[in-house]
Structures are given as structure tokens and as C-alpha cells.
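Structural overview for review
Read off the chains here:
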Amino acid sequence: MTAEQYLNHPTFGLLYGVCPVEENRQLFTTLYAQRLFFIVTLRSGRMEFESISRTDARLLIEQRLRSLRRLGKQAEYAALQSVHRQTFL
């Protein structure tokens, strides 16, 4: 299990790391409302923020859940499933 990650967005303030999407890409959401979602990409020491819709964020999390289940990573799966329930249900 990985530690919680936080980033400071220049406009939206503190963001919470939800889950990795790909290598050097991670899904983040606003810490308190969890209504705005961002894909944060690390390239050459720079962070790039790409806003995405709530629906797209939900699809990314569900895709990550399927991947974790296939890989047998039960602890990560359970933690992400909890985040999914809290955020989208």
C-alpha cells in the first residue's frame, strides 16, 4: 500500500491523490469537495494538470479496480474500492 499523496494546485488548492493511472500519471481530486478531478502528469520535472469530468474519473477508477483485481493486489483494491464508494455512490 502506498502513502497518501497531496499536491497544491495553483487555483484549486490542495488535491488528494486517488490512484495511479499510468506510469508518471495519477488521478487527483479536490480534497474537500471531491467534485473536481485532474490527471497530473510528471514530465521532465514539471507537473501538468489536466482537468477531467466526474464521469471520466469514475471510468478511470473502475478500470484501475479491474486491473488491481486481475493482478491480485487485494489491499490496494479494497482501499480504492472504498474511495470509489465514498466518491461516486
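In what follows, the structure referred to is the one given above.
What counts and how
All residue numbers here refer to positions counted from 1 along the written sequence of the relevant chain. Where totals are concerned, whole chains, interfaces and linings use all residues; where local detail is concerned, this predicted model gives features only for residues with pLDDT of at least 70, and gives and counts side-chain atom pairs only at 80 or more. The basis for every side-chain value is the complete set of heavy atoms in the structure, and neither hydrogens nor water enter the calculation. Each nonpolar core is a collection of buried residues, namely Ala, Val, Leu, Ile, Met, Phe, Trp, Tyr and Cys, held together in the definition by side-chain atoms within 4.5 Å. Burial classification: accessible surface area is computed with a 1.4 Å probe over protein chains only, and a residue below 20% of its type maximum counts as buried, one above 50% as exposed, and the rest as partly exposed. By the convention used here, residues are in contact when the closest approach between their heavy atoms is within 4.5 Å. One requirement defines pairing of two strands: DSSP has to find at least two bridges between them. Numbering goes from the N terminus for both helices and strands, where a helix is a DSSP run of H or I of at least four residues and a strand is a run of E of at least two.

Let us now look at the nonpolar core. Counting 16 residues, the largest nonpolar core has Val-18, Leu-27, Ile-61 and Leu-80 as its most contacted members. Residue contacts for Ile-61: discarding those within four places in its chain leaves Val-18, Cys-19, Leu-27, Leu-80, His-84 and Phe-88. Counting residues in hydrophobic clusters, the runner-up holds five residues, among them Leu-7, Phe-28, Phe-38 and Val-40.

Our focus in this paragraph is the pairing of strand S2 (residues 13-22). Note that strand S1 (residues 6-9) and S2 share four bridges and pair antiparallel. Considered in S2, the bridge of His-9 is made with Gly-13. Linking S1 to S2, which pair antiparallel, is a turn of three residues. Where S2 lies against strand S3 (residues 25-30), six bridges are found, and the strand directions are antiparallel. By the bridge assignment, Pro-20 is partnered in S3 with Gln-26. The loop that links S2 with its antiparallel partner S3 comprises two residues; one of these, Asn-24, has a positive phi angle of about 65°.

Functional significance is not addressed by these values, which are geometric in nature.
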